[in-house]
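The residues making up each chain are set out below.
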2 protein chains.
Amino acid sequence: MKDRFSLPDGMIYLDGNSLGPLPVGTAEKVQDVVQAQWGAHLIKGWNLDGWMAQPARVGNRIARLIGAPEGTVTMGDTLSVKVFQALSAALKMRLDRRVILSDSGNFPSDLYMAEGLIQQLGQGYELRIVAPEDVASAMTDDVAVAMITQVDYRTGRMHDMAQVTAAAHGAGAVMLWDLAHSAGAVPVDVAACNAEFAVGCTYKYLNGGPGAPAFIYARPDIVADIQPALAGWLGHDAPFAFETGYRPAAGIERMRVGTPPVIQMTALEHALGLWDEVDMAELRERSVALGELFIALVEEKCPELVLASPRDANQRGSQVSFASKNGYAVMQALIARDVIGDFRAPDIMRFGFTPLYIDEGDVRGAVDILADILATRSWDRPEYHQK
Amino acid sequence: MKDRFSLPDGMIYLDGNSLGPLPVGTAEKVQDVVQAQWGAHLIKGWNLDGWMAQPARVGNRIARLIGAPEGTVTMGDTLSVKVFQALSAALKMRLDRRVILSDSGNFPSDLYMAEGLIQQLGQGYELRIVAPEDVASAMTDDVAVAMITQVDYRTGRMHDMAQVTAAAHGAGAVMLWDLAHSAGAVPVDVAACNAEFAVGCTYKYLNGGPGAPAFIYARPDIVADIQPALAGWLGHDAPFAFETGYRPAAGIERMRVGTPPVIQMTALEHALGLWDEVDMAELRERSVALGELFIALVEEKCPELVLASPRDANQRGSQVSFASKNGYAVMQALIARDVIGDFRAPDIMRFGFTPLYIDEGDVRGAVDILADILATRSWDRPEYHQK
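Definitions and cut-offs
Residues numbered from 1 in each chain as written. Chains lettered and ligands numbered in written order. Predicted model: local features only at pLDDT ≥ 70, side-chain atom pairs only at ≥ 80, totals over all residues. Heavy atoms only, no water. Helix = DSSP H or I, 4+ residues; strand = E, 2+ residues; numbered from the N terminus. Rg over C-alpha atoms; globule rule 2.2 N^0.38 Å. Buried < 20%, exposed > 50% of the residue type's maximum accessible area, 1.4 Å probe, protein only. Areas by Shrake-Rupley, 256 points an atom, 1.4 Å probe, with all protein chains shown as cover. Lys, Arg positive; Asp, Glu negative; His and termini not counted. Charge placed at Lys NZ, Arg CZ, Asp CG, Glu CD. Contact = heavy atoms within 4.5 Å. Buried area = accessible area lost by both parts, 1.4 Å probe. Salt bridge = Lys/Arg side-chain N within 4 Å of Asp/Glu carboxyl O. Polar contact = N/O pair within 3.5 Å; in protein donor to acceptor, adjacent residues only side chain to side chain. Nonpolar A, V, L, I, M, F, W, Y, C, P; charged D, E, K, R; others polar. Least-squares fit on C-alpha atoms with pLDDT ≥ 70 in both. Pairing = 2+ DSSP bridges. Axes fitted to C-alpha atoms, helices over the stretch in contact; angles between N-to-C directions. Right-handed = clockwise from strand over helix to strand, strands pointing away. Domains from an automatic or database assignment.

*Asks:* Before we move on, could you go through the overall build of chain A and cite the residues and values that matter?
*Replies:* Scanning chain A from terminus to terminus reveals 13 helices and 15 strands. Radius of gyration (C-alpha) of chain A: 22 Å, near the 21 Å computed for a compact globule of 387 residues. For chain A, with 387 residues in total, the buried portion stands at 65%. Of the roughly 12700 Å² of accessible surface on chain A, 50% is carried by carbon and sulfur atoms. For chain A, the distance from the average site of its 33 positive side-chain charges to the average site of its 48 negative ones is 3 Å.

Right, here's the structure in full:
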């Protein structure tokens, strides 16, 4: 499907785990929402062009990708805000417990949002951060919520959602998954694992564009009991009745907050259309093959780099990371030669492999350039050390 | 400046208080951010195209419009989320008090967000809602925060910011202004009135487009003490150090949360460029003249309508409302004839007058059509009663 993306000539883009590329046709859709909808319909666009229903419509597209039933996912805000909403709701489900369990591989913003919430609540809540491999065994009976990102943003290490969720439930805890590096990258089935909440962003493997809105899922049997912490008018049962008091909407709509970002949402909606043609099991198989090839070639041609991702593909998401004390400069040298990955402190070079637009030729080409940069030490030029 | 907006031929658009029209050139800017930036630069856009600094840059444009110093406003999320952030921070400044004072003319979402926060805090907080005219006298010494929207979304009634802020401060309360219907509509000076917080949206009089991001201001002398409730990574002092613990950024940047909506922000940034050519005092004068003319003509030609806005222009924002028990149907009939205002339950017809793209001819044209609809009772067709 490489031809469905507008990628610059000659670029090998291995950073879709940070920001997905531009799907062909997005520019036209965005023009349309700006000129034919906003420009021509103005305020009438909310109904005429379906802007008000868009978060539900787009949510249903996400639902299919994460194994959620129709009508259980809505869109808006940013992932951090959605983490806050889900975590707030989850804590209210276990009022006799005070621990939020997470792991050191979680994305920092999730941990920060938990910190902010804990400080806000001021009732002795605790954020307990354990090593990723200790999550299941750390599910003690004081854990209110397990807040875990399935795929580690640094290493690509991947949790088994069914196993961790079962451990959480076994300890009586609520399960909250962050699927930022999972949705569109690996098969996900939130319904099968029975997790209460899932959240994620859409600008990585889902190619929604910079700042695309986030998603939130709540299990259908619990949603009616959620009292939203962020009780915005578009989560109200009757937003346009302009009542003085808040009454949450019936289902997942209560997790909407304010006016949705219609232009971003339109870019995202277009990008999600691609997934109608994708078989996730097949995509995963090809993604694993690309990752395996990359690891084999790097270990053969760049022996000084140390694999920082799990060697077992079953424990790895759609990215491969290598560690190097010169990682920052090496990555700058790669980028200068149009092989785009990224660097995460202190020493991690990340490479994302999605078969949507990456093929074996790209992997071979990237490793050849990487090997050349290391062999010639071209990474050691002053400009590549600049931060 | 009518030629700076892309308005449909023949439409008289009196709903800029709900969604501003499309500024000429927006489509090109949005194309540019989608194709030349996202499409060509991908992840590099964050630095190369200044996406990361955009909320501060756009915030500075807003600052000029609300009388705030450079570097005291940032952008993101929605107005409801910004209300939550400001209100959370304000309550922490008065830990010995438990009352949030607001008025019945506030936009419901602000009240809902306060409700959600109060429920979350669970420490005996109270939302006290008084009539708009009683706000100053309701500033008792148990009020922690006065959370007031300057211009009433239904009636256009406008609070005197200096007076209300002085009353709040006189009672030892923190002042939080919602400027949703003020920014770009009337001269605002948050620094002069010395309010601690101000928030607002940008898709009304600022023409940022549907779902454009919101703004938040915090007074420079208090910002360093704010412990953000929504402690997102982009409000961290060093977001890309990926530390495990949260440390807020130095200034207003700490009120950023997640990844900014770059495409929406670009449309907004373009729209704000218009204001370089606008003198707010002159704009206000012309806006008042348009409103006065509208009131005079409607009262002359449509005597059955009852003015629902203050008659004194000094107590009115940039909109004029009339009440009618048939208001819903009359508004539908107006819209069918391309005079666009809107209806707010139970009986309010709203008309916004911004001299940026509305002139005397529009006002006269709108009233003629309104008078005709009433005289011929054409509003009473079944299709105009449908909801």
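*Asks:* Lay out the interface of chain A and chain B with the relevant residues and their values.
*Replies:* Chain A puts 82 residues into the contact, and the matching count from chain B is 82 residues. Across the chain A to chain B interface the summed buried area is about 6500 Å²; carbon plus sulfur atoms make up 67%. Inspection of the region where chain A meets chain B yields zero salt bridges. At the surface where chain A touches chain B, the tally comes to 23 residue pairs in polar contact (both at pLDDT 80 or more). Within the residue set of the side of chain A that touches chain B, elements represented by two or more residues are strand E3 (22-23), helix H1 (26-41), helix H4 (79-92), helix H5 (108-121) and helix H9 (262-273) of chain A. Tallying contributions element by element places H5(A) first for the side of chain A that touches chain B, with 11 residues. Its residues assigned to classes, the side of chain A that touches chain B comprises 46 nonpolar, 27 polar and nine charged.

*Asks:* Give a description of the relation of the copies chain A and chain B that names residues and reports values.
*Replies:* In summary, the two copies of the chain are related to each other by a rotation about an axis coupled with a shift along it. Each copy superposes on the other: chain A lies on chain B with an RMSD of 0.0 Å after a rotation of 180° and an axial shift of 0.0 Å. Those values place the two copies in the arrangement expected of a two-fold rotation axis. A shared interface surface links the copies, since 100% of the contact residues of chain A are contact residues in chain B too.

*Asks:* Describe the sheet that holds strand E10 (residues 214-218) of chain B, listing the residues and the values that go with them.
*Replies:* Strands in a sheet are paired, the pairing made by backbone hydrogen bonds, and the direction either parallel or antiparallel. Residues and elements named next belong to chain B. As summarised here, the arrangement of the seven strands in space is E4-E10-E9-E8-E7-E5-E6, forming an open sheet in which the pairing is mixed. Where the open sheet ends on each side, the last strands, each with one partner, are strand E4 (73-76) and strand E6 (126-130). Averaged over all neighbouring strand pairs, the angle between strand axes comes to 20°, with direction disregarded. The sheet contact formed by strand E8 (residues 174-178) and strand E9 (residues 197-200) spans three bridges and is parallel. Its bridge partner lying in E9, Asp178 is registered against Val199. Each of strand E5 (99-103), E6, strand E7 (143-149) and E8 is contacted by helix H5 (residues 108-121), which is oriented at about 155° to E6, the strand it contacts most.

*Asks:* Talk me through the pairing of E5(B); I want residue IDs and the actual numbers.
*Replies:* Residues and elements named next belong to chain B. Burial within E5 is extensive, with five of its five residues counted as buried. Side chains of E5 alternate between two faces, with Val99, Leu101 and Asp103 and Ile100 and Ser102 buried alike. Where E5 and E6 come together, five bridges link them in parallel fashion. Within the sheet, the bridge partner assigned to Val99 lies in E6 and is Glu126. With respect to chirality, the unit in which E5 leads through H5 into the neighbouring parallel E6 is right-handed. Relative to E7, E5 runs parallel, the two sharing three bridges.

*Asks:* Break down the sheet that holds strand E14 (residues 342-344) of chain B for me, with residues and values.
*Replies:* All names here are of chain B. The strand order E11-E12-E15-E14 describes an open sheet built from four strands, whose pairing is antiparallel. The sheet is open, and its two edges are formed by strand E11 (306-307) and E14, each paired on a single side. Contacting E14 and strand E15 (348-352), helix H11 (residues 327-336) runs over the sheet at an angle of about 40° to E15.

*Asks:* Describe the domain arrangement of chain A, and please don't skip the residues or the numbers.
*Replies:* All names here are of chain A. Structurally, chain A comprises domain 1 (26-277) and domain 2 (279-385). The centre of domain 1, based on its C-alpha atoms, is set 30 Å off from the matching centre of domain 2. In this complex, domain 1 contributes 18 residues to the contact, which on the side of domain 2 involves 21 residues. With both chains or domains summed, domain 1 and domain 2 bury close to 1600 Å², and 59% of this area falls on carbon and sulfur atoms. Across the contact surface, domain 1 and domain 2 share zero salt bridges. Remark: the boundary between domain 1 and domain 2 carries eight residue pairs in polar contact (both at pLDDT 80 or more).

*Asks:* Outline the pattern of salt bridges, supporting the account with residue identities and numerical values.
*Replies:* Residues and elements named next belong to chain A. Inspection of every chain in the model, using the stated rule, returns 46 salt bridges over all chains. Among the ionic pairs, Glu292 bridges to Arg316, the shortest N-O distance being 2.9 Å. A residue pair is termed long-range when its members are at least 10 positions apart, and Glu292 in helix H10 (residues 280-301) and Arg316 in the loop between strand E11 (306-307) and strand E12 (319-323) qualify at 24 residues. Overall, Glu292 belongs to the partly exposed group, its relative accessible area being 36%. Since its relative accessible area comes to 3%, Arg316 is described here as buried. Residues joined by salt bridges that share partners form a network here, namely Lys2, Asp359 and Asp362.

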